[in-house]
Amino acid sequence: MSATGPFEAVIGLECHVQLQTRSKLFSAASTRFGGAPNSQTDPYTLGLPGTLPVLNEQAVEFALRLGLSTGCRIRRVCRFARKHYFYPDLPKGYQISQLDEPLCEGGHIEFFVGTERRRVRLLRIHLEEDAGKSVHAPTGTSLVDLNRAGVPLVEIVSAPELSSGQEASEYLRAIRRLVRALRISDGNMEEGSLRCDANVSVRRRGETALGTRTELKNINSFRFVQRAIDHEVARQIDLLSRGGQVVQETRGWDAERGTSYPQRGKEEAHDYRYLPEPDLPPLHIDESWLARVRATLPETPMARYDRYVELGLPHADAQLLSSEPELGEYFDRTLSAAGGARAARLAAAWIGSELLGALHRDGRDLPSSPVGPEALAELLRLILDGTLSGKLAKEVFARCYSSGERPAALVAREGLSQISDALAIEAVCRRVIEAHPQQAAKYRAGASKLLGFFIGQVMRETGGRANPERVRQVLESLLGEKS
Amino acid sequence: MDLAFLSAVEISRQVRARQVSAVEVTRHFLDRAARLDARLGCFLLLDPEGALAQAAEVDAACARGEDLPLCGVPIGIKDILCTRGLTTTAGSRILAGFVPPYDATCVERLRRAGGVVLGKLNLDEFAMGSSGENSAFGPTRNPWDPSRVPGGSSSGSAAAVSAGLCALSLGTDTGGSIRQPAALCGVSGLKPTYGRVSRHGLIAFASSLDQAGPIARSAEDLAVCLGVIAGPDPLDSTCLPEPVPDYLSACAASPAGLRIGVPRQYFSEGLEPAVERCVRQALAVLCAAGAVAVDVSLPLTPHTVSTYYLIATAEASSNLARYDGVRYGLRAAGSASLTEMYERTRAAGFGAEVRRRILLGTYALRSGYYDAYYRRASQVRRLIRDELLSALARCDLILSPTTPGVAFRLGERTEDPLAMYLSDIYTTSASLAGLPAVSIPCGLAPPADDPDGPLLPVGLQLIGPPLGESVLLRAAAAFQRLTDWHVRRPPAAMEIP
């Protein structure tokens with residue numbers, strides 16, 4: 001870590017994840033993204049007087065999924081609180097959030113930085129409602145769109161345990177993978193369903209006290225997270241190295257210029273005047289609810305990764321296949337149709353290279369793949385039982401991919417099966433040796449490189465259908481017979 | 001026959017029996033309001049068209065034989081309860097022109113029960129006040145003496161029922177806003193258990209305290225109205241799930257055997273002697289009918305008003321944050337910046353008392369002060385509740401005066417907000433504890449500073465255990481069978497034909 005010299009960075013992330021419930025956190029208004037401005041609203045969303053919040057149970061359940069799968073302690077009784085500030089896109093003048101008694105506390109997120117496994121503790125996960133959006137026209141007028149106001153969010157607060165922009169970015173990717181696997185959010189940073197603020201400070205190595213921190217806001221793409229944090233760490237180190245001091249402030253990230261700028265100092269910090277939310281009774285999470293959520297909890301990406309490594313997959317394959325739930329499910333279905341664990345490495349390799357390569361080339365996604373898991377499994381079985389060579393299999397795959405035909409049917413129809421029959425292979429080998437006496441003599445005199453020549457001839461004779469390994473064995477033994 | 005002072009139960013019976021039509025009843029009350037209200041300032045808005053249309057529907061329903069509990073009963077609604085399509089102001093300029101797209105749940109239930117909404121009733125702005133003088137649209141006057149206040153904040157709701165401008169009204173009570181004006185206007189008012197009546201559509205002042213409830217001229221009318229508006233509502237998560245009992249049948253029960261707690265701290269310094277005499281006579285009436293007086297002690301009484309004002313103002317500062325000029329209501333024109341728009345809108349839109357309470361509440365919630373103020377007040381609130389509950393373990397209900405004195409003159413206390421706050425001494429404890437309480441008329445007394453002055457109504461407060469509305473109504477109805485204070489009308493001067 002020479003980049004930071006005698007300093008080390010201490011980074012904590014606050015991530016906001018929009019939960020993909022159909023209605024808002026406290027009202028029946030739709031959460032659909034992309035509607036006409038202010039079309040996804042109702043009297044509560046507009047903050048009309050006399051309206052009251054009614055908690056969306058689905059949102060609580062989604063937050064519980066996240067809390068349970070990150071090993072959080074779930075509060076059996078938790079409360080909501082009002083967080084006050086004035087802004088036109090905050091219709092009630094306060095946001096309903098959680099303060100002293102969040103739904104989830106503790107827990108951790110696991111992820112890889114390279115091949116090193118890291119675990120970062122979570123301080124808390126709580127539920128809150130999103131604000132609307134303000135659009136500032138160049139004419140000076142501002143417009144407010146409250147479609148997003150009231151959409152359920154979970155805020156995931158990490159302990160200050162990250163040490164670089166890269167780690168922060170990997171952590172964030174892990175959160176994205178997790179919320180997608182749990183089917184509670186699409187984790188889409190571009191559309192704002194995953195957002196991130198970073199608390200950044202630096203200190204001299206060996207010190208235990210935290211340095212003065214700044215809060216970086218609006219770093220809303222994976223690429224920017226790393227760049228913005230690294231930039232801020234470098235800025236702080238530069239300040240300190242020159243004898244300066246870091247000022248506690250909120251800074252915004254200007255992605256276009258690749259730099260951050262001060263937004264608001266400590267003195268201008270909001271006093272949120274938290275108040276226990278009197279319109280909502282305490283939320284009770286009973287054991288049966290928790291048990292129900294636990295029983296239907298989807299597998300986390302990390303659990304999937306571990307399962308795949310146990311099946312014998314290399315790190316990279318296991319990581320790839322656990323990165324998206326569709327990919328893992330495709331793999332699992334392929335595997336069970338192909339006859340289980342013995343096909344694991346082969347299946348992983350085929351999905352990772354041929355299948356994803358073809359889909360990527362055509363700009364298609366996995367669910368619309370012309371080769372489904374059952375078809376791929378059929379192909380793998382043909383490879384495993386020696387019917388198809390690797391080369392033939394690729395050809396079969398390519399043809400099935402474009403026609404949608406099943407591999408077994410294609411192989412049967414066109415007689416593409418590999419020749420594994422020892423006698424048949426031996427007959428061809430003998431013919432080839434007899435046809436090339438000079439080369440055979442040279443081989444026998446010690447030019448063992450010529451074995452490749454003979455294999456090539458046999459493969460040509462058989463139209464590529466001979467099992468190359470068998471051919472090699474047979475040739476070696478035949479060429480070794482006569483001295 | 002004079003319809004104006006018939007009970008709601010009687011009007012409903014006559015309309016159901018088709019002795020009189022709902023349209024006739026509605027016309028009668030609309031006429032009275034048009035003639036008499038200019039002097040009283042009860043109504044902020046009369047809705048003749050809507051009311052007559054509704055009355056016609058009620059008559060049609062009666063013709064079909066439908067059995068509606070409030071058949072054709074003319075009702076006034078405190079203008080802090082939202083009414084679909086009818087301007088709702090909360091007595092504030094900041095809501096100028098606000099027309100809610102929904103009825104408050106309690107209003108909707110009244111309509112479904114055959115009630116006819118005549119219009120919207122005046123109030124202290126955002127229900128903040130004890131005199132009716134804080135309305136942005138002018139004060140309401142007491143029908144017993146128009147130079148005096150009707151009490152507040154449900155000033156119009158109490159005065160209109162007292163003057164016979166409606167048979168029944170809805171008020172809201174945060175620290176006494178139903179009971180205190182009911183007492184000063186000589187009518188009956190019930191603040192239900194917190195959560196008994198949905199707050200959906202009630203424009204919030206202090207959410208943990210606000211409750212809507214009926215004001216009427218008898219305990220029976222309160223019972224019928226409460227039976228209609230009470231009960232769970234999916235739109236209010238703080239609503240209690242318990243089923244609604246038959247309150248009207250509770251009214252028929254004898255008071256014999258009732259244990260009536262008399263808190264000695266409520267009969268001490270500050271209570272006008274003439275008021276105390278009326279309240280003690282009322283106790284004697286109930287005891288003569290078989291009830292038993294029990295001495296109880298509520299030592300935390302001196303802390304109730306300060307605790308109440310901390311909690312109520314903190315919640316108010318939060319609830320009133322939404323009036324920012326962005327989406328509805330008033331917006332000050334010509335501001336150069338967002339902050340200026342907020343400041344000018346809120347300065348122009350809120351009256352002095354509302355601004356005072358927003359400032360107090362904002363102060364109490366500041367970072368670093370929360371523990372000393374709001375948290376502390378919440379802890380004292382819990383102790384006050386515990387104290388009342390343990391007193392109620394020894395008796396069936398607690399009896400006290402509703403207010404320390406009778407109606408005071410307009411303007412008399414406007415310069416001394418603290419004195420105004422302190423007059424809430426007997427009503428705030430039930431509010432903090434979330435307990436049901438009723439105020440019924442129990443006598444007439446002259447003002448303390450004018451022994452030869454007009455005789456003015458005195459209110460008797462009864463506080464019950466959680467969901468103990470039935471026991472309150474039982475005692476109140478029994479008292480009203482034994483006395484006639486509730487049928488006394490304001491002086492004839494008010495009843496110009």
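Here is what the cut-offs are and how they apply
Residues numbered from 1 in each chain as written. Chains lettered and ligands numbered in written order. Predicted model: local features only at pLDDT ≥ 70, side-chain atom pairs only at ≥ 80, totals over all residues. Heavy atoms only, no water. Helix = DSSP H or I, 4+ residues; strand = E, 2+ residues; numbered from the N terminus. Rg over C-alpha atoms; globule rule 2.2 N^0.38 Å. Buried < 20%, exposed > 50% of the residue type's maximum accessible area, 1.4 Å probe, protein only. Contact = heavy atoms within 4.5 Å. Areas by Shrake-Rupley, 256 points an atom, 1.4 Å probe, with all protein chains shown as cover. Lys, Arg positive; Asp, Glu negative; His and termini not counted. Charge placed at Lys NZ, Arg CZ, Asp CG, Glu CD. Domains from an automatic or database assignment. Buried area = accessible area lost by both parts, 1.4 Å probe. Salt bridge = Lys/Arg side-chain N within 4 Å of Asp/Glu carboxyl O. Polar contact = N/O pair within 3.5 Å; in protein donor to acceptor, adjacent residues only side chain to side chain. Axes fitted to C-alpha atoms, helices over the stretch in contact; angles between N-to-C directions. Parallel < 35°, antiparallel > 145°, perpendicular 65-115°, else oblique. Left-handed = near helix turned anticlockwise from the far one by under 90°. Nonpolar A, V, L, I, M, F, W, Y, C, P; charged D, E, K, R; others polar. Core = buried A, V, L, I, M, F, W, Y, C linked by side-chain atoms within 4.5 Å. Pairing = 2+ DSSP bridges.

**Focus: the overall build of chain B**
Part 1 of the argument: Across its full length, chain B holds 16 helices and eleven strands.
Part 2 of the argument: Against the compact-globule benchmark of 23 Å for 497 residues, chain B has a radius of gyration of 21 Å, which places it among compact chains.
Part 3 of the argument: Taken along the three principal axes of its C-alpha coordinates, chain B extends 65 × 55 × 50 Å.
Part 4 of the argument: The proportion of buried residues among the 497 residues of chain B is 63%.
Part 5 of the argument: Within chain B, residue pairs in contact and separated by at least 24 positions form 77% of the contacts whose partners lie at least 6 positions apart.
Part 6 of the argument: Summed over all atoms, the accessible surface of chain B reaches about 16500 Å², with 55% contributed by carbon and sulfur.

**Comments concerning the overall build of chain A**
Part 1 of the argument: Helices and strands together make up the secondary structure of chain A, namely 15 helices and 17 strands.
Part 2 of the argument: In summary, chain A has a C-alpha radius of gyration of 30 Å against a globular reference of 23 Å for 483 residues, an excess of more than 25%.
Part 3 of the argument: Expressed as a percentage of contacts within chain A between residues at least 6 apart in sequence, the contacts between residues at least 24 apart total 69%.
Part 4 of the argument: Here chain A has roughly 22000 Å² of accessible surface; of this, 50% comes from carbon and sulfur atoms.
Part 5 of the argument: Mean positive and mean negative side-chain charge positions of chain A (63 and 62 charges, respectively) differ by 4 Å.

**A word on the domain arrangement of chain B**
All names here are of chain B.
Part 1 of the argument: Partitioning chain B into domains gives domain 1 (3-297 + 386-494) and domain 2 (301-385).
Part 2 of the argument: Facing 38 residues of domain 1, the contacting portion of domain 2 comprises 32 residues.
Part 3 of the argument: Across the domain 1 to domain 2 interface the summed buried area is about 3200 Å²; carbon plus sulfur atoms make up 62%.
Part 4 of the argument: The largest share of the area that domain 1 buries against domain 2 comes from Ile94, Tyr421 and Leu432, three residues that together contribute 25% of it.
Part 5 of the argument: Run the count over domain 1 and domain 2 and you get zero salt bridges.
Part 6 of the argument: Here domain 1 and domain 2 share 24 residue pairs in polar contact (both at pLDDT 80 or more) between them.
Part 7 of the argument: For the side of domain 1 that touches domain 2, the secondary-structure elements that each account for two or more residues are helix H13 (371-392), helix H14 (417-422) and helix H15 (428-433).
Part 8 of the argument: Considering every element that reaches the side of domain 1 that touches domain 2, the biggest residue donor is H15, with five residues.

**Remarks on the side chain of B:Asp424**
All names here are of chain B.
Part 1 of the argument: Here aspartate 424 shows up in the loop between H14 and H15.
Part 2 of the argument: There is no salt bridge for the buried aspartate 424, and the closest opposite charge comes from arginine 357, which lies 5.8 Å off by N-O distance.
Part 3 of the argument: A polar side-chain atom of aspartate 424 sits 2.6 Å from a polar atom in the side chain of tyrosine 309.

**Here we look at the packing of helix H8 (residues 344-362) of chain A against helix H9 (residues 373-384) of chain A**
All names here are of chain A.
Part 1 of the argument: Where H8 contacts H9, the axes come no closer than 11 Å and their chain directions differ by 125°. Overall, the two elements H8 and H9 adopt an arrangement that is oblique. As H8 packs across H9, the resulting crossing turns out to be right-handed. Across the interface between the two elements, Leu346, Ala347, Trp350 and Ile351 from H8 touch Leu376, Leu379, Leu380, Ile383 and Leu384 from H9.
Part 2 of the argument: Each residue belonging to the contact of H8 with H9 can be placed in one class, and the counts come to nine nonpolar, no polar and no charged.

**Focus on the pattern of salt bridges**
Part 1 of the argument: Inspection of every chain in the model, using the stated rule, returns 62 salt bridges over all chains.
Part 2 of the argument: Of the charged contacts, one joins B:Glu412 and B:Arg409 as a salt bridge, the two residues approaching to 3.9 Å between their closest N and O atoms.
Part 3 of the argument: Exposure remark for B:Glu412: the relative accessible area of 39% places this residue in the partly exposed category.
Part 4 of the argument: The exposure class of B:Arg409 is partly exposed, given its relative accessible area of 34%.
Part 5 of the argument: Through salt bridges with shared partners, a single ionic network connects A:Arg183, A:Glu299, A:Arg304, A:Arg307, A:Glu326, A:Glu329 and A:Asp332.

**Focus on the nonpolar core**
Side chains of nonpolar character tend, in soluble globular proteins, to be buried together.
Residues and elements named next belong to chain B.
Part 1 of the argument: The biggest cluster of nonpolar side chains holds 160 residues, and the ones touching the most others in it are Leu81 and Phe126.
Part 2 of the argument: Formed jointly, this core draws a minimum of three residues from each of two domains, domain 1 (3-297 + 386-494) and domain 2 (301-385).
Part 3 of the argument: Contact partners of leucine 81, with chain neighbours within four places excluded, come to Thr88, Ala104, Cys106, Val107, Lys120, Leu170, Thr172, Gly201, Leu202 and Ala212.

**As for the sheet that holds strand E5 (residues 94-97) of chain A**
Backbone hydrogen bonds are what pair the strands of a sheet, in a parallel or an antiparallel way.
Part 1 of the argument: What the three strands build is an open sheet, ordered E5-E4-E16 (chain A); its pairing is antiparallel. Among the strands making up the open sheet, the edge pair consists of E5 and strand E16 (275-276) of chain A.
Part 2 of the argument: Strand direction decides the pairing type here: strand E4 (residues 81-84) of chain A and E16(A), joined by two bridges, are antiparallel. Residue pairing across strands places A:Arg82 opposite A:Leu275, the latter belonging to E16(A).
Part 3 of the argument: In the packing of helix H10 (residues 301-319) of chain B onto the sheet, the strands contacted are E4, E5 and E16 of chain A, and the crossing angle to E4(A) comes to about 60°.

**Focus: the interface of chain B and chain A**
Part 1 of the argument: Counting residues at the interface gives 39 residues for chain B, matched by 30 residues for chain A.
Part 2 of the argument: Taken over both partners, the interface formed by chain B and chain A buries close to 2700 Å², and the fraction arising from carbon and sulfur atoms is 58%.
Part 3 of the argument: Applying the counting criterion to the chain B and chain A interface returns two salt bridges.
Part 4 of the argument: With a closest N to O distance of 3.0 Å, A:Asp279 and B:Arg199 form a salt bridge.
Part 5 of the argument: At the boundary of chain B and chain A, one finds 16 residue pairs in polar contact (both at pLDDT 80 or more).
Part 6 of the argument: Those elements that place two or more of their residues in the side of chain B that touches chain A are H10, helix H11 (338-349), helix H12 (352-365) and H13 of chain B.
Part 7 of the argument: Looking at which element gives the most residues to the side of chain B that touches chain A, the answer is H10(B), with five residues.
Part 8 of the argument: Residue classes in the side of chain B that touches chain A are distributed as 20 nonpolar, eleven polar and eight charged.

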